[in-house]
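Letter by letter, the chains look like this.
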Amino acid sequence: MSTRCHCFVALSLYLATTCHAGEPQVLLPRQVTPQSAEQTVGKLSPLDHLRLAAEQLEATGMADEAAKLRKAAERISRRVTSERDELARQISELQDRSNQLRQLTGKPDKILCRCQFLELSSKAAAEFAAAVQPASSSTGPRKAIAPGISVYKNAEEAIGRLKASGQVTVLASPQIVTEPGRAATATSGGEFPILVPAGGDRTSVEWRRFGASCKVVPRLLGTERVQLEFNPEIAQRDFKNAVKFNGQTIPGLATRRVNTRVEMNLGETLVVSLVSNPQNKSDDSVLPYLKSVVQWASAERETESTESTVTLFIVTPVAAE
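Residues numbered from 1 in each chain as written. Predicted model: local features only at pLDDT ≥ 70, side-chain atom pairs only at ≥ 80, totals over all residues. Heavy atoms only, no water.

1. Regarding the overall build of the protein chain
Part 1 of the reasoning: Within the protein chain one finds six helices and 12 strands.
Part 2 of the reasoning: Put simply, 70% of the contacts in the protein chain that link residues at least 6 apart link residues at least 24 apart.
Part 3 of the reasoning: Split by element, the accessible area of the protein chain, about 19,800 Å² in all, is 51% carbon and sulfur. (Helix = DSSP H or I, 4+ residues; strand = E, 2+ residues; numbered from the N terminus. Contact = heavy atoms within 4.5 Å. Areas by Shrake-Rupley, 256 points an atom, 1.4 Å probe, with all protein chains shown as cover.)

What follows is the structure, encoded as structure tokens:
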């Protein structure tokens, strides 16, 4: 369209010159484009270029041609707007139809997994255990799926009350959206360097990761039911178990990880617990049906704290909007 317009302008100027060849020609002053306009020419749309060409025609005294060009630009603008409105209407209808089919099958297109990695005292953990209600999808009203692994109806609400009273430390809270059957991972944290002997007086540098990582794989089984693979991990630098090498302090690395798979309903909450008892004493009063099956890989020595700490790995899968 731009090429045709430029050709039309050139032809019009040529005809105007030849028709008045016998008359003295008056040279119009050159139109100087302001600096700001020159800088924005490259950002103009094709329709803006047509309107600009119409202004230039009008400036040369060709008002009729300028009016025709403006009308052509307006016709194109109305046609483009109409086509865009029609496409938007079709897209809206397709989205409504997709939602109807999804509701008919009861299977969402995407799953949102709300994950939380929490630390709390044994007293707060006991309050949590007393407040949660086991889900009907678990193996029994008072049985865990496996030691330390349970599914609850109201775990997020119970944790919310403990947070409000300042009894919970949030280590990480990733939100992961994925399609059914597709693995997705969220990570946060960083790396720190450590010096490693490389023979003789030489040393090399290795990097160790710390922070939180969470991998989920939700698989839809039927209406509102899902098989969920849940693999959270959290690694923290442990300066209590640090070692010194060549005058450098190298912290230990305490890593807690979970590898589990359960069947549950969308909207229910999977909870995996780890009880860290530094004195190696059994404590059956803490979370009686939330026992630890979590791997605990710490630094070379046990932490010197004398108070038991409960770590909870929590995930709630829901249909993503």
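Having seen it, we continue.
2. Concerning the packing of aromatic side chains
Part 1 of the reasoning: Inspection of every chain in the model, using the stated rule, returns two aromatic pairs.
Part 2 of the reasoning: With centroids separated by 5.3 Å and ring planes inclined at 70°, the aromatic side chains of Phe117 and Phe313 adopt a geometry described as edge-to-face. With Phe117 in strand 1 (residues 111-121) and Phe313 in strand 12 (residues 309-319), this residue pair connects regions lying 196 residues apart in the sequence. Each member of the pair, Phe117 as well as Phe313, carries the same accessibility label: buried.
Part 3 of the reasoning: Each ring, one from Phe128 and one from Tyr152, has its centre 6.2 Å from the other, and the planes form 75°; the classification is edge-to-face. One end of the pair, Phe128, is in helix 5 (residues 122-131); the other, Tyr152, is in strand 2 (residues 149-152), and 24 residues separate them in sequence. Across this residue pair, the class does not change: Phe128 and Tyr152 are buried. (Phe/Tyr/Trp six-rings, centres within 6.5 Å; stacked < 30°, edge-to-face > 60°. Buried < 20%, exposed > 50% of the residue type's maximum accessible area, 1.4 Å probe, protein only.)

3. What to know about the pattern of salt bridges
Part 1 of the reasoning: This structure, assessed with the given rule, holds 12 salt bridges.
Part 2 of the reasoning: Salt-bridge contacts for Glu229 lead to Arg219; the nearest nitrogen and oxygen are separated by 2.8 Å. With Glu229 in strand 7 (residues 225-245) and Arg219 in strand 6 (residues 203-222), the pair connects residues that are 10 residues apart, well separated along the chain.
Part 3 of the reasoning: With relative accessibility at 15%, the residue Glu229 sits in the buried group.
Part 4 of the reasoning: Residues joined in a network through salt bridges with shared partners are Asp48, Arg51 and Glu74. (Salt bridge = Lys/Arg side-chain N within 4 Å of Asp/Glu carboxyl O.)

4. Looking at the nonpolar core
Part 1 of the reasoning: Residues Cys113, Cys115, Val216, Phe230 and Leu270 are the most contacted members of the largest nonpolar core, which totals 25 residues.
Part 2 of the reasoning: Excluding its chain neighbours within four sequence positions, the residues that come into contact with Phe230 are Cys115, Cys214, Lys215, Val216, Val258, Asn259, Thr260, Leu270, Phe313, Ile314 and Val315.
Part 3 of the reasoning: Listed in part, the 16 residues of the second largest apolar core include Tyr152, Ile159, Leu162 and Val168. (Core = buried A, V, L, I, M, F, W, Y, C linked by side-chain atoms within 4.5 Å.)

5. Quick notes on the pairing of strand 4 (residues 175-178)
Part 1 of the reasoning: Residue alternation in strand 4 divides its side chains into a buried set, Ile176 and Thr178, and an unburied set, Gln175 and Val177.
Part 2 of the reasoning: Two strands pair when backbone bridges link them, and strand 1 and strand 4 are joined in this way by four bridges, in the antiparallel orientation. Within strand 4, the position partnered with Ile111 by the bridge is Thr178. (Pairing = 2+ DSSP bridges.)

6. What about the environment of Val216?
Part 1 of the reasoning: Checked against the element boundaries, Val216 lands in strand 6.
Part 2 of the reasoning: Relative accessible area serves as the criterion here: at 0%, Val216 is assigned to the buried category.
Part 3 of the reasoning: It is 7.9 Å that separates the C-alpha atoms of Val216 and Ile176, two residues lying 40 residues apart in sequence.
Part 4 of the reasoning: Aside from chain neighbours lying at most four places away, what touches Val216 is Cys113, Cys115, Ile176, Arg182, Ala183, Ala184, Leu228, Glu229 and Phe230.

7. With respect to the pairing of strand 1
Within a regular strand, the side chains alternate between the two sheet faces.
Part 1 of the reasoning: Within strand 1, nine of the 11 residues are buried, leaving the element largely enclosed by the surrounding structure.
Part 2 of the reasoning: Bridge count between strand 1 and strand 12: 11 bridges; the pairing is antiparallel. Its bridge partner lying in strand 12, Ser121 is registered against Thr309.
Part 3 of the reasoning: With four bridges joining them, strand 1 and strand 3 (residues 168-172) adopt antiparallel strand pairing. Bridging from a neighbouring strand, Glu119 pairs with Thr169 of strand 3.

8. Digging into helix 3 (residues 46-59)
Residues spaced three or four apart along an α-helix point in a common direction, a consequence of the helix completing one turn every 3.6 residues.
Part 1 of the reasoning: Under the 1.5 Å per step criterion, the end-to-end length of helix 3 is 20 Å for 14 residues, consistent within 8% with the ideal 20 Å.
Part 2 of the reasoning: For helix 3, every residue scored as buried is listed here: Leu47, Leu50, Ala53, Ala54 and Leu57. Take helix 3 and look down its axis: the buried residues cluster within an arc of 115°, on one side only.
Part 3 of the reasoning: After helix 3 finishes, the residue Gly61 shows a positive phi value of roughly 90°. (Expected span 1.5 Å × (residues − 1). Arc of directions from axis to C-beta.)

9. As for the confidence of the model for the protein chain
Part 1 of the reasoning: For the protein chain, the average pLDDT comes to 75, and 71% of its residues sit at 70 or higher.
Part 2 of the reasoning: The low-confidence segment residues 137-143, where pLDDT is below 50, has 12 contacts with residues more than four positions distant or belonging to other chains. (pLDDT = per-residue confidence, 0-100.)

10. What about a positive patch on the surface?
Part 1 of the reasoning: Where like charges cluster on the molecular surface, the positive patch consists of Lys68, Lys71, Arg75 and Arg78.
Part 2 of the reasoning: The residue Arg78 is located in helix 4 (residues 63-105) in this model. (Patch = residues over 30% accessible without salt bridge, like charges linked within 9 Å, V, L, I, M, F, W, Y side chains within 5 Å. Lys, Arg positive; Asp, Glu negative; His and termini not counted. Charge placed at Lys NZ, Arg CZ, Asp CG, Glu CD.)

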